[in-house]
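Chains, contacts and geometry: an overview
Now for the letters of each chain:
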Amino acid sequence: ATESTDADVNLLRVVVHIALLLRRLGFALPLGAVADVLERYIDLLASNNRHLVAVYVAHLPPSRQTEAYALFLRGVDDPLPVRMQLLVLAETHGLDVDAIAKLTAQLVLDKHSDSRLPAAAYALAEPIERTSDAESEQIRAIEWITAFPRLYCYALVEICNLARRFLLCGRTNAAAKLFNSLPDDFVQPEWIVKARLDDTSAASHSPGSSANGPPPAPIGALPEATSHVHEYIQMLSLCDAYHYYSTWAEAMCKRPTNPASQLSARMQAQCLEWKERAVQTTDHATLMFRSRLIDIDWLSPQSLCIAVSSPSDNSQTSRLEELARLRELYIPETVFRLHSILFDSRDILPQNLKRSLDLAQLVADESLGIYHQLAKPTMAHPLGRLTAFLGLMRRSAFEILRIQQLSQPDKPPLLADSTLPAS
């Protein structure tokens, strides 16, 4: 059987070279038949002689070259330098490497486009949790379109699409891995400049602003890539903040258990060092959750410079729906984590206790509409999370009253112990 297979391969090789020789000599051969033979031979080369694939793909009709080489690259799972070398070979032989890179990535991503985690798995993943094989394959697919800086704008849109898919499934770890896999120079300076100009324009022309000058261009007139720059930055901010939340929680777990008066001088010094680090970590975590998520109205169409009055196409409509679902999932979770940061750090930063109660005003702020997100039912919380948030506010209020009572022992109790909510 092996000898027969080898004979077939040799025969196919001879037929291919004869066909190419005859075509070079000017003989008119059926283009479709020659292309079919070439593609069959290319399939054989893909297994043992991959460096020759580009040579023979270049002899296919131009309309079939991109798909043929992309199908070949889809099956390559080697380290990144090896895969990039195959793209270089394609460029050397005159193939359209930009179109090939785009199609290769799309073929891999389409393979997983309908995959969704079951509703029960929508709990957020821990930062240290490993990504699945399917997630890793999709992340590697993006590497095809970040191979050349000239494709970065195209890659930006695909990266945002994939990050949304991961985050909708609660896979913050996969989204973080995606962002960390990108080239160091991926975010272009002009993107940041444009995003900052958009933010400045929006602030200077906001209601109540006294700034003079012509009104900004309509949101719908902004290029599509601009909104994806904002989306990229805001989703990356979420991953960074949630990862740092784990860092903060780990630091708080290292809190000394014995009172300072019962510790040796050396242990007291270590306790002070822990408190200093914990204060810095808490302040930074609070800043990340407030300034980079809540205060910017995370992933709202306005913060992304997206016109919502008349979506241009179905993909835009689908994107807006996904963004709305992400807000429903992560804005309540962000508020709950921020309350945890503030409330659980009240011993080292007493002012944070009142700040945890002040979240009620933030949630009630009509301009942000956070209470709408808390009230919306989701798969994980069919009744919404507003009632649970009110429970957190009661907890903060009771703690404030308890501390006031301890500072004024001569006054009658403000509340009976039985009224304290369960932790």
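Given the structure is predicted, the values throughout are model-derived calculations rather than measurements.

Along its length, the protein carries 16 helices and zero strands. By the burial criterion, 39% of the 423 residues in the protein qualify as buried. When contacts within the protein are restricted to residue pairs at least 6 apart in sequence, long-range pairs at least 24 apart make up 72% of them. A total of about 23200 Å² of accessible surface is found on the protein, and carbon and sulfur atoms cover 57% of it.

Take the nonpolar core next. Judged by nonpolar contacts, the single largest core of 101 residues is most densely connected at Tyr69, Ile159, Phe179, Phe186 and Ile370. When residues no more than four places from it in sequence are discounted, the contact partners of tyrosine 69 are Val53, Ala54, Val57, Leu86, Leu89, Ala90, Leu95 and Ile100.

Next up on the list: the pattern of salt bridges. If you walk through the whole model with that rule in mind, you get 24 salt bridges. Put simply, arginine 171 and glutamate 135 hold a salt bridge, and the shortest N to O gap is 2.7 Å. Highlighted residues: arginine 171 in the loop between α8 (152-168) and α9 (172-180) and glutamate 135 in helix α7 (residues 133-145), separated in sequence by 36 residues. With respect to burial, arginine 171 and glutamate 135 carry one shared label: buried. As a salt-bridge pair, lysine 354 and aspartate 358 come within 3.1 Å of each other at their nearest N and O atoms. Taken as a pair, lysine 354 and aspartate 358 lie in helix α14 (residues 351-364) at a separation of four residues, close to a single helical turn. The exposure class assigned to aspartate 358 is partly exposed, which follows from its relative accessible area of 28%.

Another point: unusual backbone geometry. Positive phi, normally seen in glycine, also occurs at aspartate 297, with a value near 60°. Tracing the chain through its elements places aspartate 297 in the loop between α12 (265-294) and α13 (314-344). Given a relative accessible area of 15%, aspartate 297 falls into the buried group. Phi angles above zero are rare outside glycine, and leucine 299 is one such case at about 60°. Of note, leucine 299 is situated in the loop between α12 and α13. Classification of leucine 299 as buried rests on a relative accessible area of 0%.

Below, the discussion takes up α13. The end-to-end C-alpha distance of α13, which contains 31 residues, comes to 45 Å, matching closely the 45 Å that a straight helix rising 1.5 Å per residue would cover. Extensive coverage of α13 is indicated by the burial of 22 of its 31 residues.

Two elements in contact, helix α4 (residues 62-74) and helix α5 (residues 80-92), have axes whose closest approach is 11 Å; the angle formed by their N-to-C orientations is 165°. In terms of axis orientation, α4 runs roughly antiparallel to α5. The handedness of the crossing between α4 and α5 is right-handed. Of the residues in α5, those in contact with Tyr69, Phe72 and Leu73 of α4 are Leu86, Leu87, Leu89 and Ala90.

Now for empty space enclosed by the protein. In the structure shown here, the tally under the stated rule is two cavities of 30 Å³ or more. Empty space within the largest cavity amounts to approximately 90 Å³. Contributing to the lining of the largest cavity are Leu293, Ile294, Asp297, Trp298, Arg327, Tyr330, Ile331, Thr334, Leu368 and Ile370. Looking at the lining of the largest cavity, the elements with two or more residues in it are α12 and α13. Looking at which element gives the most residues to the lining of the largest cavity, the answer is α13, with four residues. Taken together, the residues of the lining of the largest cavity sort by class into seven nonpolar, one polar and two charged. Considering only enclosed or pocket space, the second largest cavity measures out at about 30 Å³ in volume. Glu328, Pro332, Gln373, Lys376, Thr378, His381, Gly384 and Arg385 are the residues that line the second largest cavity. Along the lines of polarity and charge, the residues of the lining of the second largest cavity split into one nonpolar, four polar and three charged.

Attention now moves to the environment of tryptophan 144. Counting through the fold element by element, tryptophan 144 comes out in helix α7. Sequence separation between tryptophan 144 and leucine 80 is 64 residues; the distance between their C-alpha atoms is 8.9 Å. Contacts of tryptophan 144, omitting those with residues within four sequence positions, involve Leu73, Val76, Arg83, Met84, Leu87, Ala101, Thr104 and Ala105.

Evaluation of the coordinates by the stated rule reveals 11 aromatic pairs. When the ring of phenylalanine 186 is compared with that of tryptophan 191, the centres are 5.4 Å apart and the planes differ by 80°; the resulting orientation is edge-to-face. Considered together, phenylalanine 186 and tryptophan 191 belong to a single accessibility category, that of buried residues. The rings of Tyr242, Tyr245, Trp248, Phe289, Trp298 and Tyr330 are connected pair by pair, giving a single aromatic cluster.

Summary statistics for the protein give a mean pLDDT of 86 and a share of 85% for residues scoring 70 or more. In this model residues 205-223 is a low-confidence stretch, pLDDT under 50, and it forms 15 contacts with partners more than four residues away in sequence or in other chains. Residue range residues 416-423 is modelled with pLDDT below 50. Its contacts to residues more than four positions away, or to other chains, number five contacts.

With that settled, the discussion passes to the side chain of histidine 112. As for its placement among the helices and strands, histidine 112 is situated in the loop between α6 (97-111) and α7. Apart from residues lying up to four places away in sequence, histidine 112 is in contact with Ala134, Glu137, Gln138 and Arg165.

With 14 residues, α14 should reach 20 Å at 1.5 Å per residue; the first-to-last C-alpha distance of 21 Å fits that figure. Along α14, the largest kink reaches about 30° and is centred on leucine 357. If you follow the buried residues of α14, they end up packed against α12, α13, α15 (370-375) and α16 (386-407).

Analysis parameters
- Residues numbered from 1 in each chain as written.
- Predicted model: local features only at pLDDT ≥ 70, side-chain atom pairs only at ≥ 80, totals over all residues.
- Heavy atoms only, no water.
- Helix = DSSP H or I, 4+ residues; strand = E, 2+ residues; numbered from the N terminus.
- Buried < 20%, exposed > 50% of the residue type's maximum accessible area, 1.4 Å probe, protein only.
- Contact = heavy atoms within 4.5 Å.
- Areas by Shrake-Rupley, 256 points an atom, 1.4 Å probe, with all protein chains shown as cover.
- Core = buried A, V, L, I, M, F, W, Y, C linked by side-chain atoms within 4.5 Å.
- Salt bridge = Lys/Arg side-chain N within 4 Å of Asp/Glu carboxyl O.
- Expected span 1.5 Å × (residues − 1).
- Axes fitted to C-alpha atoms, helices over the stretch in contact; angles between N-to-C directions.
- Parallel < 35°, antiparallel > 145°, perpendicular 65-115°, else oblique.
- Left-handed = near helix turned anticlockwise from the far one by under 90°.
- 1 Å grid on protein atoms, 1.4 Å probe; cavity = no way out; pocket = protein on both sides within 12 Å on 5 of 7 lines; lining within 4 Å.
- Points joined across faces, edges and corners; volume = space filled by probe spheres on them.
- Nonpolar A, V, L, I, M, F, W, Y, C, P; charged D, E, K, R; others polar.
- Phe/Tyr/Trp six-rings, centres within 6.5 Å; stacked < 30°, edge-to-face > 60°.
- pLDDT = per-residue confidence, 0-100.
- Bend = angle between axes of the 7 residues up to and from the residue.

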